[in-house]
Each structure stands twice: as structure tokens, then as C-alpha cells.
Amino acid sequence: MELVARIALNAATYAIDKPYDYLVPPQLADRLVPGMRVIIPFGPGNRRTEGLVLALEEAAPAGVALKPVLTILDEEPVLDGQALKLALWMRERWFCTVYDAARAMLPAGLYYALQDRWKLADGVDRETAYEAAGKSEHARRVVEVVVSQADGADVATLRAAFGDKDPNPALRLLRDKGVLTLETSAARGVGDKTQQVAVLAIPPEEALAQVVPRRRSAPMRCAVVELLCALGEAAAKEICYFTGASMPTLRSLEKSGILTLEKREVYRRVAVEGVEPAVRPILNQEQQAAFAGLDALASAGKAAVALLYGVTGSGKTQVYLNLIYEALARGKSALVLVPEIGLTPQVMRLFAAHFGEQVAVLHSALRAGERYDEWKRIRSGKARVVVGTRSAVFAPLKDLGLIVLDEEQEASYKSENVPKYHAREVAKFRCVQQGALLVLASATPSIETMYQARQGIYRLFTLTRRYNQRELPPVDIVDMKEELRQGSGGDLSRPLLAALEEGAVRGEQSILLLNRRGASRMVTCGECGEAPDCPRCSIHLTYHSANGRLMCHYCGHSQPLPDACPHCGGAFNFIGAGTQKVEEELREALPGREILRMDADAVSATHSHETLLGRFEAENIPVLLGTQMVAKGLDFPNVTLVGVISADQSLYADDYRAGERTFALLTQVVGRAGRGEKGGRAIIQTFTPDNEVIRKAARQDYDGFYAQELALRELRGCPPFRDLFIITASGRLEGAVLRTCMRLRRTLEGWLALPAYREIHAKLLGPAPAAVARINERYRYRLTLACANTRPVREMVAALLRAAQTDKENKGVSVSADVNPLD
Ligand SMILES: Nc1ncnc2c1ncn2[C@@H]1O[C@H](COP(=O)(O)OP(=O)(O)OP(=O)(O)O)[C@@H](O)[C@H]1O
Ligand SMILES: [Zn+2]
Ligand SMILES: [Zn+2]
């Protein structure tokens with residue numbers, strides 16, 4: 001019998017991603033565990049590549065000799081058995097490789113970079129090497145480069161020394177003669193951080209007896225020992241700081257056997273400072289009822305999904321804080337996911353106040369070291385409550401009892417990069433694995449989620465009232481067409497301006513939402529109407545005031561704003577009410593009133609999100625104007641007016657979720673008003689006052705919106721009735737991309753006619769150009785397959801991708817798939 005490791009390859013493409021068998025040599029057998037990464041030879045040239053051990057099996061030697069595992073990279077497995085299963089499931093579900101999934105699950109600080117180095121073989125010296133190179137000029141050059149580098153030459157160095165010649169034939173020749181070997185080393189992105197801790201090695205009395213009599217001659221030794229006797233142990237750095245001693249003093253005390261210096265791991269953390277501990281919230285009757293029902297589910301130890309549907313300000317957060325307290329008391333851990341835009345300093349403080357050091361925070365803005373260290377705190381069990389954005393769904397918590405997805409309808413839960421997972425689905429899978437409860441919380445649940453709840457698949461808990469019986473604010477709709485007719489041409493209607501002024505006079509505050517992504521503006525020529533395009537994408541460039549440049553959001557291209565139109569020399573206009581333009585209009589209309597602008601520009605430049613919001617509250621600034629950042633989660637009691645400057649903007653995008661997004665955004669922002677004792681109101685400006693989505697949002701009529709939207713989805717064949725598999729082909733040559741798409745379409749048509757797939761009842765659409773037809777010089781066309789997301793369909797799509805990737809006719813075209821994309 002021999003020990004065989006089944007290994008997923010880092011370098012595998014989707015078409016060849018499967019477990020590969022390798023022999024585990026006896027000297028590695030007792031260390032290797034599934035979930036560890038290894039270095040293995042792969043392919044005809046036996047290139048060193050990184051692999052992940054999925055399983056180990058005893059097997060009778062097969063006919064062919066297996067290649068061996070060369071090196072183990074991890075001391076402990078980085079993924080446990082459940083995480084490995086999750087990776088395999090993600091592969092099946094989102095058409096990615098196992099390694100794509102594993103990379104999403106691990107902090108980048110754990111990634112290895114493999115480096116190949118050519119060295120002289122054991123026992124070979126320079127002379128022998130030159131001898132072996134003989135007269136070949138290339139071979140002599142190779143030897144020269146290799147011996148000039150202390151620990152061998154990497155490929156880049158060799159290439160550089162060869163100019164445009166290829167060093168590989170010479171390298172192979174010398175390797176075959178036994179002169180050179182290729183070694184692969186692995187370097188990790190981020191190392192563990194340690195600090196030295198001094199620990200008293202003998203009882204305090206003995207230690208003092210040794211140093212106190214010599215206080216005169218060695219005052220530092222004495223001071224250090226006295227401090228240590230008081231503390232037992234302390235970081236070496238701190239001892240030096242408090243006593244003025246230096247490291248040699250500590251080392252000499254170690255030599256005398258009085259103390260020992262130990263290396264301890266420390267965790268890099270972003271401290272949330274000045275947070276007073278909070279007490280567990282006491283719930284009102286309605287909250288208590290929801291909590292009791294949810295807690296019964298959580299304590300049953302069986303996997304379940306629940307929707308906590310509650311109007312804005314009803315206390316959903318208070319309910320799930322209580323659930324976390326209960327989970328911790330049962331010895332379980334808890335995970336709370338918030339949307340990208342929702343992880344505000346307010347939220348971080350809230351969790352720190354309740355759970356202190358037990359909280360770990362994971363989000364994309366952390367530095368690699370911080371992220372890696374939080375990951376370790378979670379894995380070691382030191383942190384048992386995790387708050388984070390999308391990728392935190394993979395946090396390596398043990399004994400998971402509860403996952404909460406706050407604002408579960410948010411688009412940022414769906415990854416737009418490979419692997420294109422949805423955090424809600426991953427959370428569901430983890431809850432099934434662990435027998436845990438998944439709570440989806442929202443005032444405006446996604447249509448899919450509410451549908452599942454109404455079908456009885458998810459349990460439904462409802463909070464109908466705002467906390468303290470506070471009324472939801474009344475909402476007025478202002479028809480901007482009418483405003484135009486009356487001769488007011490700006491972005492701000494007269495009723496809105498009047499309400500802003502009234503609020504300011506009373507010393508109250510207002511929030512204004514500009515419903516538009518980012519702070520960027522489009523630029524057009526006032527003479528010929530041309531708008532500068534990105535040279536690499538089929539999209540107009542937008543102007544960024546922070547750096548004064550035109551930029552492309554898709555490929556990152558940026559260029560200075562030309563003085564004049566390159567076509568006709570005309571002057572540029574800036575269109576679209578950017579926040580800055582509205583700010584100017586506001587300043588004119590409300591002279592002497594302070595206005596705080598919060599958008600990507602204002603936040604990134606000098607002030608953080610937190611300082612801006614802190615000022616808004618502390619200085620009682622009358623008006624806060626911003627993009628979507630101001631719509632969600634903010635809780636300021638003195639805000640009595642909310643205004644939406646342009647409700648229409650997000651409504652007429654051409655994807656099926658536009659209505660849902662707009663409804664949620666309007667409902668959310670209206671919910672920011674009247675949270676305190678004074679009550680409040682909201683004003684929505686629109687060019688389409690009869691639009692049902694806007695009208696229903698103004699009435700906060702989710703049920704009405706749901707009914708209307710569900711009927712529309714059924715008619716159009718969208719989720720939850722059908723899932724959309726989007727197969728995208730992209731490449732530099734438009735014709736080739738289109739031909740690939742046509743071939744894929746014919747293949748699919750053929751398959752769908754087979755008896756095995758007849759049950760699928762799919763609707764096949766396309767090829768059609770993607771919404772942005774060219775990105776980064778690559779054309780993109782897509783096919784849409786609308787049908788229920790079942791195993792046979794996924795198998796069919798997987799087979800299509802594999803066939804597409806291996807078909808020589810598709811050279812230069814890459815093909816990928818996504819399910820229910822949100823863009
Ligand atoms: N049981 C309670 N005890 C004390 N304060 C409460 C309680 N329930 C709610 N509140 C207060 O009411 C406000 C709204 O509560 P919370 O933020 O939990 O609501 P939410 O439903 O999560 O709101 P949103 O959907 O708007 O984010 C907060 O200021 C919160 O402190
Ligand atoms: Zn022009
Ligand atoms: Zn571009």
C-alpha cells in the first residue's frame with residue numbers, strides 16, 4: 001500500500017481542474033493533512049506548482065508510477081474539512097476552479113509566491129560547471145549568471161542577461177548534464193508578527209534577593225526585576241519603556257536565570273477607541289416575539305433560514321444583537337455580514353461596545369497584515385464574533401451558531417470577480433454544514449427572499465412598528481416637470497428649498513440624497529456634442545475633480561482634461577448634477593447655512609467617513625448632501641427632513657433589478673428622517689411622479705411593491721421564477737468572439753434537445769453584446785440561458801465551458817459563466 005494525496009492545482013484552468021493523484025513520500029507521511037498546501041511537479045516539464053491537498057488515501061500501487069509531493073508549505077491545514085467541501089461546492093455552483101474558491105477563502109497574506117531558482121547541483125563547483133558548458137557561449141553565460149548569484153539565479157535575472165535570446169535550451173542542456181538544478185522556493189506575502197515577552201523564571205522572592213543587594217551597582221537590573229515581580233510577565237518593549245532599561249540588560253538577566261524571553265505572536269489590529277461597554281438591549285414586545293422565535297430556531301441545532309423583515313428603525317439590529325448574546329452563551333460563534341457601504345464606524349463601535357475583544361472585523365480596506373491577523377484571531381478561537389463585508393462569509397469560525405446578513409438585498413453581497421459567488425448562498429451552505437441559523441434582515445427584502453419566505457421555505461418574522469411607536473415620516477412627491485414649467489430650472493425644487501430653510505431655522509438637520517453613483521460627471525463638448533471616450537472601452541470617460549482628470553471606471557485609464565474639444569476646439573460642458581454642482585446651488589439658495597458634502601471625493605481626500613459624520617452630529621450642521629453613502633444605516637435623532645434630488649436616476653437601467661434597487665434606496669433614505677422625538681418628513685423629486693415604484697416607496701408600501709414586481713418577474717422569466725445563466729465570450733477580435741458565441745449557441749441548442757436535458761425547459765437568448773460591449777480592448781458578447789438552477793443545468797453549463805476552453809477554434813476568446821449577475 002502507498003499513501004496517495006488527491007490535490008487541486010493552483011495553476012489549473014477550469015477545463016482541467018480536477019483532483020490529481022500524487023505519491024506522499026514516507027518522510028512527509030506523518031505531517032501531511034488535507035487542507036495543507038504543497039509543492040508538486042506538474043506537466044511534461046515537471047514545473048513546480050502549488051497544490052492544495054483535498055484528501056489522503058491508502059491505495060495499492062497503480063500500474064503507473066505517481067509523481068511525489070515535494071514540499072509541504074503549511075504547518076497546519078489552512079482549510080478544514082468543511083471549508084474544503086465548501087470549495088468543491090463553489091466550484092460546482094459558480095463555475096470556478098477549486099483554487100479560485102480557496103483563494104477567496106484565505107486572507108491574501110497567506111498566499112505563497114513560488115519562485116524558481118537555478119543553482120549548481122550538489123557537489124558541482126564553478127570549474128566543473130564551466131567545463132561542462134564547454135564552448136557553447138550560451139551555456140557559459142548561464143553558468144556565469146548562476147555562480148554570480150549567492151542563492152542561485154531566478155528566471156528573470158537569466159532572461160535579462162540574455163537580452164532577446166532564450167536561455168532555456170542552455171539551461172536544459174546543463175540540467176541534463178547534472179550541472180544545474182532547479183529549485184522552487186515559496187515566499188509568503190505576510191509574515192507572522194511576534195514580540196518578545198519577559199517572564200519571571202524563578203519565584204519573586206528569590207529574584208529580588210539576587211538583585212536588590214546590588215541596586216547600587218546595577219540599578220537597571222533591579223528596576224526590571226521589581227517591575228516583573230509586580231506584573232509576572234510583560235512585553236520586553238514595555239519593560240524597557242517603563243524602566244529605561246535596554247535589551248542587553250534583559251538578556252543578561254536571562255543568562256542569570258532570573259527571567260526568560262519568549263517569542264509570542266501578536267495580532268495587528270485596528271483599534272476601535274474610546275468605546276464604552278454597552279449592556280444587552282432590552283427588547284419591546286414585538287422585538288421580543290421575533291427574538292424568541294428566532295432564538296428557538298437557533299438553539300434547535302438544525303440548519304434554518306429566517307427572514308427578519310422590519311421597517312426602518314424597528315430595531316432589527318437590537319434583535320440580532322440579542323441573538324448573538326445567546327449564541328455566545330451556548331458556546332457558539334456568530335458572523336454578521338453588512339453591505340460594503342454599511343460597515344460604518346457607527347456599526348463597528350456598536351459591536352465593540354457589546355462584545356469587546358471578542359469581535360474581529362474583516363473588510364476590504366484592511367491592510368494585508370491586519371486582515372491576516374484578524375483571520376488568525378478568528379481561527380484560534382480568540383475572536384468569536386465576526387463583523388465584515390462580503391468575503392467575511394468565509395471567516396474560519398468554529399462552532400458557528402448564527403449568521404446574520406444585514407440588508408440582505410444589497411448588490412455588494414454578490415462578487416463580480418471570480419469566484420462570482422453570492423454571500424447569501426455561501427452563508428446558507430455554511431449554516432447547513434454547521435446546523436446553524438441564517439437570519440436575513442431587511443426593511444426591503446429582495447424579491448427572491450420574500451418569495452421564499454411566503455412559500456414557507458424561510459421562516460418569516462416581522463417588525464411592523466418603529467421603536468417607541470415613532471411614526472414613519474410622511475412623504476411628498478415633487479413633480480420636476482411641473483417645476484420646469486414654472487420656470488425653476490435647477491436641481492432643487494421650491495418645496496424642497498423651503499423645507500430645508502424651515503428646518504435650518506428650527507435648528508434641525510436635513511439629509512439630501514443625490515441618487516447617482518460616485519461624484520463623477522460626464523463631460524461633453526458644447527459645440528459638437530462629442531463626449532471623450534475611453535480608448536480601450538466602449539464607454540464615456542468621467543471627470544474627477546479630485547485629480548482634475550478624465551477617468552474610465554472599467555479599465556482605470558485616465559488622462560488630463562483637454563483644454564478644448566479635440567474634434568472642434570469647442571469648450572466642454574459638465575453635465576449631470578454632480579454633488580459639487582448641487583452644493584453650489586444649495587449655497588446660493590440658502591445663504592449663510594453650512595452644508596456638508598459627503599461623496600467619494602470628500603471622503604477620500606482629507607476627511608474620513610467618520611469625521612464627516614461626527615462633525616454633522618456634533619456641530620449640528622443643517623444640511624448633509626451626499627451619494628448613496630448617506631442613505632443607509634445612519635441614525636441621527638435631529639434629522640427631521642430627508643430629500644431625494646433625483647429619484648429617477650437608478651430606475652431606468654436596463655436590468656431586471658432596477659425597480660428593486662430604487663425601491664430599497666428610497667425606502668432606506670426616507671427611513672433616516674424622524675428617528676428622534678421631533679418626527680420628520682421626506683420629499684422625493686422626480687420627473688416621473690406617476691411611476692409605481694416611486695409612489696409605493698413614498699408610501700413605504702413594500703407589500704404592494706412586492707406584488708407588482710413579482711408579477712413582472714414571472715412575466716419576464718426572471719428570478720425567482722427562472723435563474724439566469726450568463727455565458728460571456730470575450731476577446732480582442734469582435735468577429736472571433738461572435739463566432740464563438742454562435743457555436744456555443746448551436747451546441748446548447750443541440751444539448752437542450754437531448755432526452756437527458758429535456759426537462760430543463762430553458763429559454764436561450766443571444767448572442768447579444770454585453771451592456772458595456774468593449775472593456776480594456778476586449779469585446780464581450782453573451783448568451784443567456786433562463787431556467788431553474790438545477791444540477792443538470794449546472795452540469796450542462798460546466799460541460800459547455802470545458803468544451804469551449806479546449807476547442808482550438810476558440811483561440812484568443814475566453815468563455816466564462818455567471819449566475820444571476822447583479823450588474
Ligand atoms: N429595544 C430597544 N431598546 C433601546 N433602543 C432601541 C431598541 N430598539 C430600537 N432602539 C433604537 O431605535 C433605533 C433604531 O433601531 P435599529 O437601528 O436596531 O433599527 P433597524 O431596524 O436595524 O434600523 P434600520 O433598518 O433603519 O437600520 C436605534 O437608535 C436603536 O438604538
Ligand atoms: Zn467639439
Ligand atoms: Zn476604459
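Residues numbered from 1 in each chain as written. Chains lettered and ligands numbered in written order. Predicted model: local features only at pLDDT ≥ 70, side-chain atom pairs only at ≥ 80, totals over all residues. Heavy atoms only, no water.

1. What to know about the packing of helix α9 (residues 219-231) against helix α10 (residues 236-243)
- Two elements in contact, α9 and α10, have axes whose closest approach is 10 Å; the angle formed by their N-to-C orientations is 120°. By the angle between their directions, the pair α9 and α10 is classed as oblique. Read as a crossing pair, α9 and α10 show a hand that is right-handed. Of the residues in α10, those touching α9 at Met220, Ala223, Val224, Leu227 and Leu228 are Ile239, Phe242 and Thr243.
- Broken down by class, the residue content of the contact of α9 with α10 amounts to 7 nonpolar, 1 polar and no charged. (Axes fitted to C-alpha atoms, helices over the stretch in contact; angles between N-to-C directions. Helix = DSSP H or I, 4+ residues; strand = E, 2+ residues; numbered from the N terminus. Parallel < 35°, antiparallel > 145°, perpendicular 65-115°, else oblique. Left-handed = near helix turned anticlockwise from the far one by under 90°. Contact = heavy atoms within 4.5 Å. Nonpolar A, V, L, I, M, F, W, Y, C, P; charged D, E, K, R; others polar.)

2. A closer look at the coordination of the zinc ion (ligand 2)
- All of the protein donors around the zinc ion (ligand 2) are Cys525 (SG), Cys528 (SG), Cys565 (SG) and Cys568 (SG); their distances to the metal are 2.3 to 2.4 Å.
- Coordination geometry of the zinc ion (ligand 2): the 4 donor atoms subtend angles of 99 to 114° at the metal centre, consistent with an arrangement described as tetrahedral.
- Read from N- to C-terminus, the donor residues coordinating the zinc ion (ligand 2) fall into the pattern C-x2-C-x36-C-x2-C. You can see Cys528 sitting in the loop between β21 (521-525) and β22 (542-544) and its partner Cys565 sitting in the loop between β24 (558-560) and β25 (572-575), a full 37 residues away along the chain.
- Its relative accessible area of 4% is what places Cys565 among the buried residues. (Donors = N, O, S within 2.8 Å, 3.2 Å for Na, K, Ca; no water. Tetrahedral: all angles 85-135°; square planar, octahedral: opposite > 155°, others 65-115°. Buried < 20%, exposed > 50% of the residue type's maximum accessible area, 1.4 Å probe, protein only.)

3. With respect to the sheet that holds strand β7 (residues 153-154)
- Taken in spatial order, the 3 strands of this open sheet run β7-β6-β8, and their pairing is antiparallel. Because the sheet does not close on itself, it has two edges, and the strands there are β7 and β8 (180-188).
- Note that strand β6 (residues 112-120) and β8 share 9 bridges and pair antiparallel. Opposite Tyr112, over in β8, you have Arg188 as the bridge partner.
- Across the sheet, helix α5 (residues 137-148) is in contact with β6, β7 and β8; its angle to β6 comes to roughly 115°. (Pairing = 2+ DSSP bridges.)

4. A look at the sheet that holds strand β33 (residues 813-819)
- Taken in spatial order, the 4 strands of this open sheet run β31-β32-β30-β33, and their pairing is antiparallel. Unpaired on one side and paired on the other, β31 (763-775) and β33 mark the two borders of the sheet. For this sheet, the mean angle separating the axes of adjacent strands, direction not counted, is 25°.
- Bridge count for β31 against strand β32 (residues 778-787) is 7 bridges, and the pairing is antiparallel. Of the residues in β32, the one forming a bridge with Leu765 is Thr784.
- Against the sheet, helix α27 (residues 791-806) engages β30 (723-731), β32 and β33, with an angle of about 165° to β33.

5. Concerning the pairing of strand β29 (residues 681-686)
- Burial within β29 is extensive, with 5 of its 6 residues counted as buried.
- Where strand β19 (residues 475-479) meets β29, 5 bridges bridge the pair, whose relative direction is parallel. Within β29, the residue paired with Asp479 across the bridge is Thr686.
- As defined by bridge partners, strand β28 (residues 639-644) adjoins β29 across 4 bridges and the pair is classed as parallel.

6. Quick word on the site of ligand 1
- Surrounding ligand 1, one finds 15 residues, the nearest of these being Ile282, Gln287, Lys316, Thr317 and Asp635.
- Protein chains shield 77% of the accessible area of ligand 1, which is 620 Å² for the free molecule.
- For the shell around ligand 1, the per-class residue count stands at 4 nonpolar, 7 polar and 4 charged.
- Shared between two domains, the shell around ligand 1 holds at least three residues of each, these being domain 4 (285-463) and domain 5 (475-519 + 577-713). (Near = heavy atom within 4 Å. Areas by Shrake-Rupley, 256 points an atom, 1.4 Å probe, with all protein chains shown as cover. Domains from an automatic or database assignment.)

7. Examining the packing of aromatic side chains
- Summed over the entire model, instances satisfying the criterion amount to 15 aromatic pairs.
- The interplanar angle of 65° and the centroid separation of 6.3 Å between the aromatic rings of Phe95 and Phe725 together place this pair among those described as edge-to-face. Of this pair, Phe95 sits in the loop between α2 (81-94) and α3 (98-105) while Phe725 is found in strand β30, placing the two residues 630 residues apart along the sequence. Here Phe95 and Phe725 have matching classes, each one buried.
- Pairing Phe663 with Phe705 gives two aromatic rings, centres 4.2 Å apart and planes at 5°, and the pair type is stacked. In this pair, Phe663 sits in helix α23 (residues 658-670) while Phe705 sits in helix α25 (residues 702-716), placing the two residues 42 residues apart along the sequence. (Phe/Tyr/Trp six-rings, centres within 6.5 Å; stacked < 30°, edge-to-face > 60°.)

8. Comments concerning the pairing of strand β17 (residues 437-442)
- Counted residue by residue, β17 has 6 buried out of 6 residues, so it is predominantly covered.
- One ladder, built from 6 bridges, connects strand β12 (residues 304-310) with β17; its direction is parallel. Bridge pairing in β17 places Leu308 opposite Ala441.
- With 5 bridges connecting them, strand β16 (residues 400-406) and β17 associate as parallel partners. Across the sheet, Ile403 pairs through a bridge with Leu438, a residue of β17.
- In this fold, the crossover linking β16 to β17 by way of helix α16 (residues 423-434) has right-handed handedness. (Right-handed = clockwise from strand over helix to strand, strands pointing away.)

9. Section: unusual backbone geometry
- A cis amide bond, omega 5°, links Pro719 with the succeeding residue Pro720.
- If you trace the backbone, Pro720 turns up in the loop between α25 and β30.
- Looking along the chain, the bond that leaves Gly766 and enters Pro767 is cis, with omega of 0°.
- If you trace the backbone, Pro767 turns up in strand β31.
- Although it is not a glycine, Asp399 sits at a positive phi angle of roughly 50°.

10. Quick notes on the packing of α2 against α3
- In the contact formed by α2 and α3, the axes pass within 8 Å of each other and the chain directions differ by 125°. Taken together, the axes of α2 and α3 are oblique relative to one another. Like other packed secondary-structure pairs, α2 and α3 cross with a definite hand, here right-handed. Between α2, through Ala83, Leu86, Ala87, Leu88, Met90 and Arg91, and α3, the contact on the second element is made entirely by Val98, Ala101 and Met105.
- Among the residues making up the contact of α2 with α3, the classes are represented as 8 nonpolar, no polar and 1 charged.

11. What to know about the environment of Pro689
- Along the chain, Pro689 falls in the loop between β29 and α24 (692-698).
- Pro689 gets classed as buried once you look at its relative accessible area, which sits at 13%.
- Excluding residues that lie within four positions of it along the chain, Pro689 makes contacts with Ile477, Asp479, Lys481 and Arg695.

12. Some points on the environment of Pro637
- Within the secondary structure, Pro637 sits in the loop between β27 (623-626) and β28.
- Setting aside residues up to four positions removed in sequence, Pro637 forms contacts with Glu617, Arg675 and Gly676.

13. With respect to helix α22 (residues 609-618)
- Listing the buried residues of α22 in full gives His609, Leu612, Leu613 and Phe616. Taken around the axis of α22, the buried residues stretch over an arc of 95°, which confines them to a single face.
- Looking one or two places after α22, you find Asn620, whose phi comes out positive at around 50°. (Arc of directions from axis to C-beta.)

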